[in-house]
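Here is how the chains run, residue by residue.
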Amino acid sequence: MKKLYALTLLTLSFVVNGQNLVTNGNLETWTNSTTPESFSVSPFTAAVTQESTTVHGGTYSAKHTTAATSSVKIQNETAVLVPGSTYTVSYWFLDNDTNARSRPWIYFLDSANATLTDTSTDADFRPTTYSEDNASWIQFSKTFVAPAGAVKLRFEMRTYAVGSGLGSVYYDDMSVTQVLSVNQNDIAGLSIYPNPVSNGTLYINTDANDERNVAIFDVLGKQVVNVTTSNTAINVANLNGGVYIVKVTENGKTATRKLVIK
């Protein structure tokens, strides 16, 4: 039987207001080669290193190398969730090493930093399954409603050694974004399909089918599409696979929807 050693890579807690991002969530700024700025790292900093050749976006990612006995935490606890509000938590990882595998480990904290149990998210946030080797970056993304008493969301990307050999998993572009609350019935007859999109074309219909503005944002809050049109078909062929937010404005009314691109 293979022996597994669990290592906690990143522990993050943060506040989001509107569409704010995790501070330095893209890991572009580092204090030194083992410490991303705005995060504290302890106790075995050598397990996390700045990586510049294998990245998801920007210049740097975090490379986590497993070891038999060590645990690394990169921690930021500067923020507060609003119970009842909706958020999307996301990060990207690359597991292309047969000696390592990964999984998220996410939970809520109350004002005393005590862990809250939320059975509606346990299976998604603390899964029993692990990543499988893949040559491509994979996105973890979940949308959730902050439960009563939750003021922080802490998540860890855990890396596990498989067997006795050392292995590595890369992490990048971590974010938590508040999904702005809107009246989903403001635009009469609004229909957005297919979802997920797999053929590069998104269709948007309403009862009026008047000229409308369509803006699409990635999970980091970056606007990737902005078009004003009367056509029902929207070209999204240039978007990478992942989770997005679609904002539709027609006749002074606005609605948002979650969109998945395959």
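Thresholds, definitions, all that
Residues numbered from 1 in each chain as written. Predicted model: local features only at pLDDT ≥ 70, side-chain atom pairs only at ≥ 80, totals over all residues. Heavy atoms only, no water. Helix = DSSP H or I, 4+ residues; strand = E, 2+ residues; numbered from the N terminus. Buried < 20%, exposed > 50% of the residue type's maximum accessible area, 1.4 Å probe, protein only. Contact = heavy atoms within 4.5 Å. Areas by Shrake-Rupley, 256 points an atom, 1.4 Å probe, with all protein chains shown as cover. Pairing = 2+ DSSP bridges. Axes fitted to C-alpha atoms, helices over the stretch in contact; angles between N-to-C directions. Salt bridge = Lys/Arg side-chain N within 4 Å of Asp/Glu carboxyl O.

What follows covers the overall build of the protein. Within the protein, the regular secondary structure consists of one helix and 20 strands. By residue count, 47% of the 262 residues in the protein fall in the buried class. Once local pairs closer than 6 in sequence are excluded, the contacts in the protein between residues at least 24 apart make up 73%. Roughly 12,100 Å² of accessible area belongs to the protein as shown, and the carbon and sulfur atoms make up 47% of that amount.

The next subject is the pairing of strand β8 (residues 86-94). Within β8, eight of the nine residues are buried, which leaves it mostly tucked inside the rest of the structure. Here β8 pairs with strand β11 (residues 138-145) via eight bridges, running antiparallel. Its bridge partner being in β11, Tyr87 is matched across the sheet by Phe144. One ladder, built from seven bridges, connects β8 with strand β13 (residues 168-178); its direction is antiparallel. Among the inter-strand pairings, Val89 is bridged to a residue of β13, identified as Val176.

Read from one edge to the other, the open sheet built from three strands follows the order β14-β15-β18, with strand pairing classed as antiparallel. Two strands in the sheet have a free side with no partner beyond their single neighbour: β14 (191-193) and β18 (233-235). Each strand of the sheet is rotated relative to its neighbour by a mean of 25°, with strand direction disregarded. Relative to β18, strand β15 (residues 201-205) runs antiparallel, the two sharing three bridges. Bridge pairing in β18 places Thr201 opposite Asn235.

This part covers the environment of Val214. Its place among the elements puts Val214 in strand β16 (residues 212-218). On a C-alpha basis, the gap between Val214 and Thr256 in space is 9.8 Å, while along the polypeptide they are 42 residues apart. Residues contacting Val214, with those up to four places away along its chain left out, are Ile204, Val225, Asn226, Val227, Ile234, Val246 and Lys247.

Counting buried residues along strand β9 (residues 100-109), eight of its 10 residues qualify, which places the element largely inside the surrounding structure. Strand direction decides the pairing type here: β9 and strand β12 (residues 152-162), joined by 10 bridges, are antiparallel. The partner of Leu109 across the bridge, within β12, is Lys152. With two bridges joining them, β9 and strand β10 (residues 115-116) adopt antiparallel strand pairing. Along β10, the bridge assignment pairs Leu109 with Thr115. Connecting β9 to the next strand, β10, in antiparallel fashion are five residues, including Asn113 with a positive phi near 65°.

Before going further, it helps to spend a moment on the pattern of salt bridges. Applying the stated criterion across every chain yields a total of three salt bridges. The partner of Arg126 in a salt bridge is Asp122, with the nearest N and O atoms 2.0 Å apart. Residue classification places Asp122 among the partly exposed positions, given a relative accessible area of 23%.

This paragraph deals with the sheet that holds strand β6 (residues 61-65). Pairing within the open sheet is antiparallel, and its five strands lie in the order β5-β6-β13-β8-β11. The open sheet has two edge strands, β5 (48-51) and β11, and neither has a second partner. Direction aside, neighbouring strands of the sheet carry axes that sit 30° apart on average.

It is worth spelling out unusual backbone geometry at this point. Here the amide bond leading from Tyr193 into Pro194 is cis, since omega sits at -15°, within 30 degrees of zero. Omega for the bond connecting Asn195 with Pro196 falls within 30 degrees of zero, at 15°, which places this linkage in the cis form. On the secondary structure map, Pro196 appears in the loop between β14 and β15. Positive phi, normally seen in glycine, also occurs at Leu27, with a value near 60°. Considering the arrangement of structural elements, one finds Leu27 in the loop between β1 (4-14) and β2 (30-32). Relative accessible area serves as the criterion here: at 1%, Leu27 is assigned to the buried category. One non-glycine residue, Asn251, lies in positive phi territory at about 55°. In this structure, Asn251 sits in the loop between β19 (242-250) and β20 (253-261).

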